[in-house]
Amino acid sequence: MIVSALIVDRSSSKLLVHTRASGMLARLAHDLEITASVFSGRATLEGEGFSAELVVPVAALQVVGTLHGERVDTSALSSSDRSDIERKIRDEVFPGTKEVRVHAKGTSRDRAEVTVEVWRGRSSLPVSLRVTEEAGRTRVSGRTALSMMRLGLREVKGPLGAFRIRDEVEVLFDVTLRPEA
């Protein structure tokens, strides 16, 4: 059986998180798109099976903009609003967590058992994958819902509880893997 070691090609990979507000005054809150500006990872392919790990520094989570359905408005937030939200992500959503670790394992290329770990906890879930191979690179993409409570993270609320961020956030990924040099 052929075993291949691959690493994440950062220049052609992206990892996004979509948050949605709910509650009485949710219309006054922003649904957000957040990106991991930096992350690293590796994968091992063995026949049709694989194992992989991604590491996302919490400090690399950056607000892209507000969501209107699936459309992103990058101009709706001021730079001070973005900075404030990013500080709250680091200090209030992920206190004590320096990095998010994602482990994935599968016996076929179309599905993975994924475990997400933060300082406070971990959550495992099945994830459907789309895998394509071209020019010696492997592209893995998909989306999944992830519960913040199952990770042990506190509920995120607005002032006086007027709105809250829904427990489930949507994670979208498009990761390109290349052979390890």
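Refer to the structure presented above.
Anyway, here's the lowdown on the structure attached to this text. (Residues numbered from 1 in each chain as written. Predicted model: local features only at pLDDT ≥ 70, side-chain atom pairs only at ≥ 80, totals over all residues. Heavy atoms only, no water.)

Some remarks on the overall build of the protein chain
Per the secondary structure count, the protein chain includes one helix and 15 strands. In terms of C-alpha radius of gyration, the protein chain reaches 17 Å, essentially the compact-globule figure of 16 Å for 181 residues. Considering only C-alpha atoms, the protein chain reaches an extent of 60 × 30 × 25 Å along its principal axes. Out of the 181 residues belonging to the protein chain, those deemed buried represent 44%. (Helix = DSSP H or I, 4+ residues; strand = E, 2+ residues; numbered from the N terminus. Rg over C-alpha atoms; globule rule 2.2 N^0.38 Å. Buried < 20%, exposed > 50% of the residue type's maximum accessible area, 1.4 Å probe, protein only.)

Side note on helix H1 (residues 79-93)
Here H1 is 15 residues long and its end C-alpha atoms lie 20 Å apart, about the 21 Å a rise of 1.5 Å per residue gives. Among all positions in H1, only Arg82, Ile85, Glu86, Ile89 and Val93 are buried. Buried residues of H1 fall within an arc of 95° about the axis and therefore sit on the same side. Of the surrounding secondary structure, the elements contacted by the buried residues of H1 are strand E4 (32-36) and strand E7 (61-68). (Expected span 1.5 Å × (residues − 1). Arc of directions from axis to C-beta. Contact = heavy atoms within 4.5 Å.)

Considerations on the environment of arginine 87
With respect to the helices, strands and loops of the structure, arginine 87 is situated in helix H1. Arginine 87 gets classed as partly exposed once you look at its relative accessible area, which sits at 33%. Put simply, arginine 87 and leucine 61 are 26 residues apart on the chain and 9.8 Å apart in space, counted from C-alpha to C-alpha. One polar contact links arginine 87 to aspartate 84, side chain to side chain, over a distance of 2.8 Å. (Polar contact = N/O pair within 3.5 Å; in protein donor to acceptor, adjacent residues only side chain to side chain.)

Topic: the pattern of salt bridges
This structure, assessed with the given rule, holds 15 salt bridges. We note a salt bridge from arginine 143 to glutamate 70, for which the minimum N-O separation is 3.7 Å. Separated by 73 residues along the polypeptide, arginine 143 in strand E13 (residues 137-147) and glutamate 70 in the loop between E7 and strand E8 (71-73) bring together distant segments of the chain. Overall, arginine 143 belongs to the partly exposed group, its relative accessible area being 44%. Linked through salt bridges whose partners overlap, the residues forming this network are Arg20, Asp31, Glu70, Arg143 and Glu170. (Salt bridge = Lys/Arg side-chain N within 4 Å of Asp/Glu carboxyl O.)

Considering unusual backbone geometry
Trans peptide bonds make up most of the peptide bonds, and negative phi angles are found at most residues other than glycine. Phi angles above zero are rare outside glycine, and alanine 135 is one such case at about 50°. On the secondary structure map, alanine 135 appears in the loop between strand E12 (130-134) and E13.

Re the environment of proline 126
By the element assignment, proline 126 lies in strand E11 (residues 121-128). Between the C-alpha atoms of proline 126 and arginine 154, which are 28 residues apart in sequence, the distance is 23 Å. If sequence neighbours within four positions are ignored, proline 126 has contacts with Arg111, Ala112, Glu113 and Thr144.

Digging into the pairing of E11
Regular strands place their side chains on alternate faces of the sheet. Judged from the eight bridges that link them, strand E10 (residues 111-118) and E11 form a sheet pairing that is antiparallel. By the bridge assignment, alanine 112 is partnered in E11 with valine 127. (Pairing = 2+ DSSP bridges.)

A word on the environment of valine 8
Mapped onto the secondary structure, valine 8 falls in strand E1 (residues 3-8). Under the relative-accessibility criterion, valine 8 is labelled buried at 8%. Expressed as a C-alpha distance, the spacing of valine 8 and glutamate 53, which sit 45 residues apart in the sequence, is 9.7 Å. Sequence-distant contacts of valine 8, defined by excluding residues within four places in its chain, comprise Ser13, Phe39, Ser40, Gly41, Arg42, Leu54, Val175, Thr176 and Leu177.

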